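Overview (structure and organization)
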Amino acid sequence: MKPVKKSETILIIGGGLCGSLLALRLAQRGYTINIYEGRPDLRTTDISAGRSINLALSNRGLKALRLAGVAEKAKAICIPMYGRMMHDAKGNTFESNYSGRKGEYINSISRGDLNGILLTEAEKHENVTIHFNKKCLGVDIENSRATFESYKTKEPFTIQADVIFGTDGAGSSLRKSYEKQLPGFKVSQEFLTHGYKELEIPGINRKHQISKDHLHIWPRGDYMLIALPNTDGSFTVTLFLSYSEGAYNFDNLKSKEKITEFFKRDFPDTLELIPDIFHEFTTNPTGVLGTVKCSPWAYKGNTLIMGDAAHAIVPFYGQGMNASFEDVAELDAVIDLYQGDWERIFSEFQKERKKNADAIADLAIDNYYEMRDHVANESFIQKRIIEMALEREFPSTYFSKYSLVTFNEHLGYHQAMTKGRAQDKVLLKMIEEREIKNTTPTKKILEEVQNRSEKLLNIQNE
Ligand SMILES: Cc1cc2nc3c(=O)[nH]c(=O)nc-3n(C[C@H](O)[C@H](O)[C@H](O)COP(=O)(O)OP(=O)(O)OC[C@H]3O[C@@H](n4cnc5c(N)ncnc54)[C@H](O)[C@@H]3O)c2cc1C
């Protein structure tokens, strides 16, 4: 179907993951789009420093990419990760699959390459123009006018559009304009006491040194290391660590001796994989981790914030990008219903989406504790083994919380959270009270979990 040319002009601030997919989808619908991106074109300039190099892409993100016809292109640069590979402090490893069902896995993908694909696909449409090195300074929301500064000339200039989307990430300029201009605008920004630093396990002759089929985790209670594979044989390793608390923290890990001592004590197996840990540690930046919740996301039919600009979350469920892509799919469905009435589109979009965005923000914080601590805890390990068995034996009936969030893209995050949490509570109680024996039939466990979690949900809904 040939898209119908729409009369509205659309301005998108930020050509990152969400903005570039949004531009592509709106261009397919026939709108005239101008993207203004603060940084240079990442397809021709190396600007990866300080940003996570690879990300876990899963069903919700793929659903939105499929809608825009780019899922196959993305999949071509993905590495499937079927489960977690845990590394203990003695160097022993054990695996835990993400799902008991066949064909359910998450994917490691390069942020830069995926963003590049989306920009290229968007640019193929003659109704899309991308302006790089143009940083937004603020938006006059009443008059739909955005002011930018050109990186080269430093001259400010103003662009007027019928509709302005802010997809300019966690530090969004449009969200900051709401703060200044919208009485009653609510925003909360909560930062973790932990930051993150990326390191690299290089490939040897483009071969991975550890299993590329897993997301690797070194859980150490108060902090952890994770690693995701890249297509060139390397792994991007991320250390999540407190800035100032504990015996080792970002503030006191300065000398070669102390950094080596830390890795020798807690992550000895990584020292064999990372040739110069001191160089890696001291040359790579430390990033902050935080959650942004705000409301409203829109002003009349003039402006809307989406992606991290509206709901930045901590990265522990691997869902920030997936949620940002899902925003595009959800908005698209609302456009189908109210095409031409942006005010209605924006308010309906937020009505449904906000509770789901809040839910994944909370789930991501829960997973922070799960990954750094619980994955090595006995009850948790037993729960995962039972969940795998339930999913294997009853693939169309039982879905763990992780599966509900990650692989059930047709269920909202909020529903996934409530159902998943109820199941978790019931299963953990059954394990702790030793109700489940080796001889207990899986069917019986399934029925108990289903009945008891349903009761719990009914009580919560009363
Ligand atoms: C360490 C880490 C690991 C992560 N891992 C995962 C993962 O495994 N899976 C997952 O789904 N998510 C993950 N995320 C989250 C994911 O990175 C974000 O949710 C995602 O990037 C959001 O996309 P976005 O387009 O909304 O924002 P961004 O990707 O931040 O893009 C914003 C764009 O706007 C531009 N911009 C910013 N300010 C301006 C301005 N004033 N004017 C013009 N342009 C501007 C930026 O240059 C950028 O291009 C991770 C995040 C971190 C920090």
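Residues numbered from 1 in each chain as written. Predicted model: local features only at pLDDT ≥ 70, side-chain atom pairs only at ≥ 80, totals over all residues. Heavy atoms only, no water.

**Re the overall build of the protein chain**
- Counting secondary structure elements, the protein chain contains 15 helices and 19 strands.
- Computed over C-alpha atoms, the radius of gyration of the protein chain comes to 23 Å, within 12% of the 23 Å expected from 2.2 N^0.38 for 462 residues, which places it in the range of a compact globule.
- Each principal axis of the C-alpha atoms in the protein chain carries an extent, and together these give about 65 × 55 × 40 Å.
- Buried residues in the protein chain amount to 54% of all 462 residues.
- Sequence separation of at least 24 residues holds for 70% of the intrachain contacts in the protein chain that already meet a minimum separation of 6. (Helix = DSSP H or I, 4+ residues; strand = E, 2+ residues; numbered from the N terminus. Rg over C-alpha atoms; globule rule 2.2 N^0.38 Å. Buried < 20%, exposed > 50% of the residue type's maximum accessible area, 1.4 Å probe, protein only. Contact = heavy atoms within 4.5 Å.)

**A look at the sheet that holds strand S9 (residues 134-140)**
- Taken in spatial order, the three strands line up as S9-S10-S11 in an open sheet, and their pairing is antiparallel. Looking at strand neighbours, the two that pair on one side only are S9 and strand S11 (156-160), the edges of this open sheet. The average undirected angle you get between the axes of adjacent strands in this sheet is 30°.
- Direction of pairing for S9 relative to strand S10 (residues 145-150): antiparallel, over a ladder of six bridges. (Pairing = 2+ DSSP bridges. Axes fitted to C-alpha atoms, helices over the stretch in contact; angles between N-to-C directions.)

**Things to note about a positive patch on the surface**
- A cluster of basic residues, Lys135, Lys154, Lys176 and Lys180, forms a positive patch at the surface.
- Along the chain, Lys180 turns up in helix H5 (residues 173-181). (Patch = residues over 30% accessible without salt bridge, like charges linked within 9 Å, V, L, I, M, F, W, Y side chains within 5 Å. Areas by Shrake-Rupley, 256 points an atom, 1.4 Å probe, with all protein chains shown as cover. Salt bridge = Lys/Arg side-chain N within 4 Å of Asp/Glu carboxyl O. Lys, Arg positive; Asp, Glu negative; His and termini not counted. Charge placed at Lys NZ, Arg CZ, Asp CG, Glu CD.)

**Quick word on the environment of Gly38**
- Tracing the chain through its elements places Gly38 in the loop between strand S2 (32-36) and strand S3 (54-57).
- We classify Gly38 as partly exposed; its relative accessible area is 34%.
- Setting aside residues no more than four positions away along its own chain, Gly38 makes contact with Asn133, Lys134 and Lys135.

**Here's the deal with the sheet that holds strand S17 (residues 286-295)**
- Read from one edge to the other, the open sheet built from seven strands follows the order S6-S5-S14-S15-S16-S13-S17, with strand pairing classed as mixed. Two strands bound the open sheet, and with one partner strand each, they are strand S6 (93-97) and S17. Between one strand axis and the next, the sheet turns by 25° as a mean value, whatever way the strands run.
- As paired elements, strand S5 (residues 83-87) and strand S14 (residues 214-219) share four bridges and run parallel to each other. Within S14, the residue paired with Arg84 across the bridge is Leu215.
- Along the sheet, helix H11 (residues 342-372) makes contact with S5, strand S13 (186-201), S14, strand S15 (224-229) and S17, crossing S17 at roughly 150°.

**Here's the deal with helix H2 (residues 59-67)**
- By the criterion of burial, H2 is predominantly enclosed, with seven of the nine residues buried.
- Looking at H2, one finds that the buried residues are Asn59, Arg60, Gly61, Leu62, Lys63, Ala64 and Leu65.

**Notes on the domain arrangement of the protein chain**
- Domain boundaries in the protein chain define domain 1 (9-79 + 107-188 + 291-369), domain 2 (190-288) and domain 3 (377-461).
- Here the C-alpha centre of domain 3 lies 33 Å away from the C-alpha centre of domain 2. (Domains from an automatic or database assignment.)

**Considerations on the nonpolar core**
- Of all hydrophobic cores here, the largest spans 69 residues; its most connected members are Leu21, Ile33, Leu65, Phe165 and Phe325.
- For this core, the element with the highest residue contribution is helix H1 (residues 17-28), accounting for eight residues.
- Leave out the neighbours within four places in its chain, and Leu21 touches Ala64, Leu65, Ala68, Val70, Leu118, Phe325 and Val328.
- Formed by 34 residues, the second largest nonpolar core is a distinct cluster that contains Leu228, Ile360, Tyr402 and Val405. (Core = buried A, V, L, I, M, F, W, Y, C linked by side-chain atoms within 4.5 Å.)

**As for the pattern of salt bridges**
- Within this structure, the stated rule accounts for 34 salt bridges.
- The salt bridge involving Glu435 is made with Arg452; its shortest N-O contact spans 2.6 Å. Taken together, the residues Glu435 in the loop between helix H14 (413-432) and helix H15 (442-461) and Arg452 in helix H15 connect sequence positions 17 residues apart.
- Here the salt bridges share partners, and the residues they tie into one network are Arg60, Lys63, Glu326, Asp327 and Arg353.

**As for the packing of helix H12 (residues 378-393) against H14**
- Viewed as axis vectors pointing N to C, H12 and H14 meet at an angle of 115°, and their least axial separation amounts to 10 Å. By the criterion of interaxial angle, the relationship of H12 to H14 is roughly perpendicular. Here H12 and H14 pass one another in a crossing that is right-handed. In this structure, H12 uses Ser379, Gln382, Lys383, Ile386 and Glu387 to contact H14, whose residues at the interface are Asp424, Leu427, Leu428, Ile431 and Glu432. (Parallel < 35°, antiparallel > 145°, perpendicular 65-115°, else oblique. Left-handed = near helix turned anticlockwise from the far one by under 90°.)

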